[in-house]
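Now for the letters of each chain:
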Amino acid sequence: MTVYFIGAGPGDPELITVKGQRLIRSCPVIIYAGSLVPEAVLQGHHAERVINSAELHLEQIIALIKTANDEGHDVARVHSGDPSLYGAIGEQIRCLRALGIAFEIIPGVTATAACAALLGAELTLPDISQSVILTRYAEKTVMPPGEELSSLAQHGATMAIHLGVKNLESIVRELSPHYGSDCPIAVIHRASWPDQDWVTGTLSDIALKVQAKGFTRTALILVGRVLGNDTFSDSSLYRAGHAHVYRP
């Protein structure tokens, strides 16, 4: 028996790995995060039990998994995006290890990747930014020392901020001294879902634009000079005259 932590992707049911889809269709027990994972992701399953974990607490989820383990049934534990990012799988894995229950993580498409695709953007551009910082706004979860937005912003790297749209004005205040008020920013609501929507602007005007859109949750914030920038150098990878192992 194995528990498979499956990344379902950001919303579009086609943005799931072949392996993840195969396991969902073959596992006799499915426990999925129904508040973030559309039921269409489960299409074609033959599970005996399908449980929406949105209303369950950790102990109830582990109890369901333990029952499946006692019965010898594999479990598809389906999370949104990639389960290794803000998926709350760490605490579940800790419990499974204590119980001696085997598990495997199946990666998924991140919300950050879906947002970049929607915007038609590359998040790492020569001369502009070669790093992407994935972080969240500190509200209920306290950030460890050195991971405050103002500290991370000092790098000037492309930044993807989760769970922060309700506090956008505070985010803008923390970022502006480091990125500049004219720095491009995008706020994407439910990327890849049928009702996806987004707005772009600068740190100086994005708050009013988001207020006009009415985004209050389920939105990702992308910040950085890579957005809408075409003044960067070509990469070495495809540059004529640049030799590498496949192109002497």
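Conventions used here
Here the residue numbers are simple positions, counted from 1 along each chain's written sequence. Only residues with pLDDT of at least 70 get local features here, since the model is predicted, and only at 80 or more are side-chain atom pairs given and counted; chain-wide, interface and lining totals rely on the full set of residues. Side-chain measures were taken over the full set of non-hydrogen atoms in the model, leaving aside hydrogen atoms and water. Where each domain starts and ends follows an automatic or database-derived domain assignment. Whether two residues touch is decided by their heavy atoms; if any such pair falls within 4.5 Å, the residues are in contact. By definition, the buried area sums, over both parts, the 1.4 Å-probe accessible area that each loses when the two are put together. Any carboxyl oxygen of Asp or Glu within 4 Å of a side-chain nitrogen of Lys or Arg constitutes a salt bridge here. Throughout this description, a polar contact denotes any pair of N or O atoms lying within 3.5 Å of each other; where both atoms belong to protein, one of them has to be capable of donating a hydrogen while the other can accept it, and for residues adjacent in sequence the pair is counted only when both atoms sit in side chains. Strands here are runs of E lasting at least two residues and helices are runs of H or I lasting at least four, both read from the DSSP assignment and numbered beginning at the N terminus. Per-residue accessibility, obtained with a 1.4 Å probe over protein chains only, is compared with the maximum for each type, and a residue is labelled buried under 20%, exposed over 50%, and partly exposed between these values. Each patch is built from salt-bridge-free residues with over 30% relative accessible area, joining like charges within 9 Å and nonpolar side chains (Val, Leu, Ile, Met, Phe, Trp, Tyr) within 5 Å. To be clear on the numbers: accessible area is Shrake-Rupley with a 1.4 Å probe, and residue cover counts the displayed protein chains and nothing else. Throughout, an axis means a line fitted to C-alpha atoms (over the contacting stretch in the case of helices), and angles, computed between N-to-C directions, take values from 0 to 180 degrees. An angle below 35 degrees is treated as roughly parallel, one above 145 as roughly antiparallel, one from 65 to 115 as roughly perpendicular, and anything else as oblique. Definitions for this section: a left-handed crossing has its near helix turned counterclockwise from the far helix by less than a right angle. A right-handed crossing has that turn clockwise. When residues are sorted by character, Ala, Val, Leu, Ile, Met, Phe, Trp, Tyr, Cys and Pro go into the nonpolar class, Asp, Glu, Lys and Arg into the charged class, and all the rest, Gly among them, into the polar class.

Student: I keep staring at the domain arrangement of the chain and nothing clicks. Help me out?
Tutor: It is common to give the size of an interface as the accessible area that goes away when the parts come together. Here the chain is partitioned into domain 1 (3-106) and domain 2 (111-227). Of note, the centres of domain 1 and domain 2, computed from C-alpha atoms alone, are 29 Å apart. The interface of domain 1 with domain 2 comprises 9 residues on the first partner and 9 residues on the second. Contact between domain 1 and domain 2 buries roughly 710 Å² in total, counting both sides, with carbon and sulfur atoms accounting for 70%. At the junction of domain 1 with domain 2, the criterion picks out 0 salt bridges. Counting the contacts that link domain 1 with domain 2 gives 5 residue pairs in polar contact (both at pLDDT 80 or more).

Student: Please clarify how the side chain of Thr135 should be interpreted in this entry.
Tutor: By secondary structure assignment, the location of Thr135 is in strand β6 (residues 132-136). Its relative accessible area of 3% is what places Thr135 among the buried residues.

Student: Explain a nonpolar patch on the surface to me, please; I cannot follow it from the model alone.
Tutor: There is a patch of nonpolar side chains on the surface, built from Leu85, Tyr86, Val132 and Leu134 and spanning about 290 Å² of accessible area. You can see Leu85 is positioned in the loop between β4 (75-79) and α3 (89-99). By relative accessible area, Leu85 is classed as partly exposed at 33%.

Student: Sorry, what's going on with the packing of helix α2 (residues 58-71) against α3 here?
Tutor: Describing two packed helices takes the angle between their axes plus the distance from one axis to the other. Following both chains from N to C, one finds α2 and α3 inclined at 45°, their axes separated by 11 Å at the closest point. Taken together, the axes of α2 and α3 are oblique relative to one another. Both α2 and α3 take part in a crossing whose hand is right-handed. Residue-level inspection shows Leu58, Ile61, Ile62, Ile65 and Lys66 of α2 in contact with α3, the latter providing Glu91, Gln92, Cys95, Leu96 and Leu99. For the contact of α2 with α3, the per-class residue count stands at 7 nonpolar, 1 polar and 2 charged.

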